[in-house]
There are 6 protein chains.
Amino acid sequence: MAATWLPSLITATPEEGFELAVKLSRVAVKMTQPSDEVRARLRPVYSEDPAALIASSQVVATNFQTVAAANHYWQV
Amino acid sequence: MAATWLPSLITATPEEGFELAVKLSRVAVKMTQPSDEVRARLRPVYSEDPAALIASSQVVATNFQTVAAANHYWQV
Amino acid sequence: MAATWLPSLITATPEEGFELAVKLSRVAVKMTQPSDEVRARLRPVYSEDPAALIASSQVVATNFQTVAAANHYWQV
Amino acid sequence: MAATWLPSLITATPEEGFELAVKLSRVAVKMTQPSDEVRARLRPVYSEDPAALIASSQVVATNFQTVAAANHYWQV
Amino acid sequence: MAATWLPSLITATPEEGFELAVKLSRVAVKMTQPSDEVRARLRPVYSEDPAALIASSQVVATNFQTVAAANHYWQV
Amino acid sequence: MAATWLPSLITATPEEGFELAVKLSRVAVKMTQPSDEVRARLRPVYSEDPAALIASSQVVATNFQTVAAANHYWQV
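Residues numbered from 1 in each chain as written. Chains lettered and ligands numbered in written order. Predicted model: local features only at pLDDT ≥ 70, side-chain atom pairs only at ≥ 80, totals over all residues.

### Observations concerning the relation of the copies chain F and chain A
Of the transformation placing chain F onto chain A, the axial shift is 0.0 Å and the rotation is 60°, giving an RMSD of 0.0 Å. Accordingly, the operation relating the two chain copies is best matched by a six-fold axis. Using C-alpha coordinates, one finds that chain F approaches the rotation axis most closely at Thr62 of chain F, a distance of 6.8 Å. Little of the interface of chain F is mirrored in chain A: 19% of its interface residues are interface residues there too. (Least-squares fit on C-alpha atoms with pLDDT ≥ 70 in both. Contact = placed C-beta atoms within 7 Å.)

### Some points on the interface of chain F and chain A
Taken together, the contact pairs 27 residues of chain F with 23 residues of chain A. For the side of chain F that touches chain A, the secondary-structure elements that each account for two or more residues are helix 1 (14-32), helix 2 (36-46) and helix 3 (50-70) of chain F. In terms of residue class, the side of chain F that touches chain A is made up of 16 nonpolar, 11 polar and no charged. (Helix = DSSP H or I, 4+ residues; strand = E, 2+ residues; numbered from the N terminus. Nonpolar A, V, L, I, M, F, W, Y, C, P; charged D, E, K, R; others polar.)

### Observations concerning the arrangement of the chains
You won't find any contact between chain A and chain D; their C-alpha atoms come no closer than 14 Å. Nowhere do chain B and chain F come into contact; their C-alpha atoms are at least 12 Å apart.

### Structural notes on unusual backbone geometry
One can expect most non-glycine residues to show negative phi and most peptide bonds to be in trans. Positive phi, close to 45°, is recorded for His72 of chain B, a residue that is not glycine. Checked against the element boundaries, His72 of chain B lands in the segment after helix 3 (50-70).

### A look at the interface of chain E and chain D
Taken together, the contacts link 23 residues of chain E with 27 residues of chain D. Counting only elements with at least two residues in the side of chain E that touches chain D, the list comes to helix 1 (14-32) and helix 3 (50-70) of chain E. Here the side of chain E that touches chain D takes 14 residues from helix 3 of chain E, the largest share from any one element. The class makeup of the residues in the side of chain E that touches chain D is 14 nonpolar, seven polar and two charged.

### Quick word on helix 1 (residues 14-32) of chain A
The end-to-end C-alpha distance of helix 1 of chain A is 28 Å, a good match for the 27 Å that 19 residues give at a rise of 1.5 Å each. Listing the buried residues of helix 1 of chain A in full gives Pro14, Gly17, Phe18, Leu20, Ala21, Leu24, Ser25, Ala28, Val29 and Thr32 of chain A. Those residues of helix 1 of chain A hidden inside the fold are in contact with helix 2 (36-46) and helix 3 (50-70) of chain A together with helix 1 (14-32) and helix 3 of chain B. (Expected span 1.5 Å × (residues − 1). Buried ≥ 20, exposed ≤ 12 C-beta atoms within 10 Å, placed from the backbone.)

### Here we look at the packing of helix 1 of chain E against helix 3 of chain E
Residue and element names in this part refer to chain E. At a minimum axis distance of 8 Å, the contact between helix 1 and helix 3 shows a crossing angle of 125°. Between helix 1 and helix 3, the angle falls in the class oblique. Handedness of the helix 1/helix 3 crossing: right-handed. In this structure, helix 1 contributes Gly17, Phe18, Leu20, Ala21, Val22, Leu24 and Ser25 to the contact, and helix 3 contributes Ser56, Val59, Val60, Asn63, Phe64, Val67 and Ala68. (Axes fitted to C-alpha atoms, helices over the stretch in contact; angles between N-to-C directions. Parallel < 35°, antiparallel > 145°, perpendicular 65-115°, else oblique. Left-handed = near helix turned anticlockwise from the far one by under 90°.)

### Section: the confidence of the model for chain A
All names here are of chain A. Averaged over chain A, the pLDDT score is 95; the fraction of residues at 70 or greater is 96%. Looking at the elements of chain A, mean pLDDT is at its lowest for helix 2, recorded as 95, and at its highest for helix 3, recorded as 98. For this predicted complex, the interface score ipTM comes out at 0.95, while the overall pTM is 0.97. (pLDDT = per-residue confidence, 0-100.)

### Describing the nonpolar core
In summary, soluble globular proteins display a tendency toward joint burial of nonpolar side chains. Core analysis: the largest hydrophobic core is formed by 108 residues, its most contacted members being Phe64 of chain A, Phe64 of chain B, Phe64 of chain C, Phe64 of chain D, Phe64 of chain E together with Phe64 of chain F. Not counting the four nearest positions on each side in its chain, Phe64 of chain E is found in contact with Leu24 and Thr66 of chain D together with Gly17, Phe18 and Ala21 of chain E. (Core = buried A, V, L, I, M, F, W, Y, C linked by C-beta atoms within 7 Å.)

Listed below in structure tokens is the structure:
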């Protein structure tokens with residue numbers, strides 16, 4: 001049985017939290033398009049498309065809201 | 001009578017919470033387009049369209065905010 | 001005098017809350033396009049357009065955040 | 001001197017709160033396009049465009065989050 | 001040295017808060033496109049484009065959430 | 001080893017918080033398109049495209065929500 005890809009929303013630092021937000025964004029894409037081959041084929045298309053890049057940044061921003069709240073904004 | 005498809009927002013783990021967020025996103029589509037046949041016909045179109053994949057990821061991110069808050073971010 | 005279409009944000013269950021979120025999304029459309037005839041004519045167009053279906057799901061997700069918060073996420 | 005168009009976010013009922021959310025959405029458009037004549041000319045275009053109608057519903061949903069929170073979700 | 005353009009998120013009234021939300025939206029555009037000349041050239045284009053007007057209203061709605069929360073929704 | 005690009009979400013002022021929100025938006029783009037050369041080539045395209053400018057402003061607004069919450073809206 002595969003280990004969970006999301007054991008926790010808690011991260012040690014804001015930067016790791018941001019990386020987790022990127023991961024959440026990508027896993028959601030993978031759940032709609034599970035084929036590694038198709039996603040690899042699409043990547044050069046959208047990674048040179050400004051609209052797609054900005055939309056990706058929007059998804060990361062939304063997920064980062066969740067991760068930051070879970071970590072109480074990393075305040076001591 | 002059909003059992004509810006959404007008995008609770010509470011999940012055991014973050015990963016199950018993310019899967020619930022994906023489910024919420026799909027049920028909303030189903031409520032606008034109830035035909036299984038039409039949705040099945042549309043799937044190959046949008047699952048190879050980067051803009052659609054990113055937009056889907058945005059919906060999941062929004063629903064994950066809700067599920068994560070309901071679960072107090074799975075903090076013990 | 002017509003009864004209110006939105007007497008409360010409180011629902012008995014999460015599923016009913018989700019249905020309320022769908023209703024809020026549709027009422028907002030109706031306020032911009034009040035003609036039943038026009039909306040009926042547009043429905044077959046957007047209900048077969050993946051981008052429109054995903055955008056609709058996004059609106060529902062946003063409204064569900066509001067309804068879920070109002071109901072304290074249906075936690076006892 | 002013109003009276004304020006937004007004296008308060010507090011409304012008596014959820015339905016009035018939703019109407020305020022619609023108003024906030026429209027005022028923001030007016031601030032970018034102040035000409036009544038231009039907005040009147042554009043209305044027949046976007047009110048028959050499903051994508052525009054759904055996008056409008058998204059703006060209302062976002063503003064309704066704000067109004068609902070301000071009113072503590074109209075809970076007694 | 002230029003004074004700050006954003007000394008505080010606190011405003012005296014909801015209406016001033018909404019105007020601040022509009023300002024935040026415009027400053028973000030200015031940070032991506034700093035040329036006054038280019039922005040002035042683009043304005044007649046997007047101010048007659050319904051999709052752009054609705055998208056602008058969405059940005060204002062998002063910023064107004066932030067300003068309203070900062071002001072505790074202007075509740076006494 | 002490179003120092004972290006995101007040591008903290010805390011900033012001294014709202015204006016610095018807004019600049020951090022812009023930075024978060026750009027780093028997310030960089031994570032999808034890491035090539036400095038490609039991003040430099042795309043910049044003149046999207047910086048003259050109203051839709052892209054508004055979408056960028058939306059991402060900044062979302063990230064500013066996070067930064068502002070982390071800083072308790074800079075209230076003393």
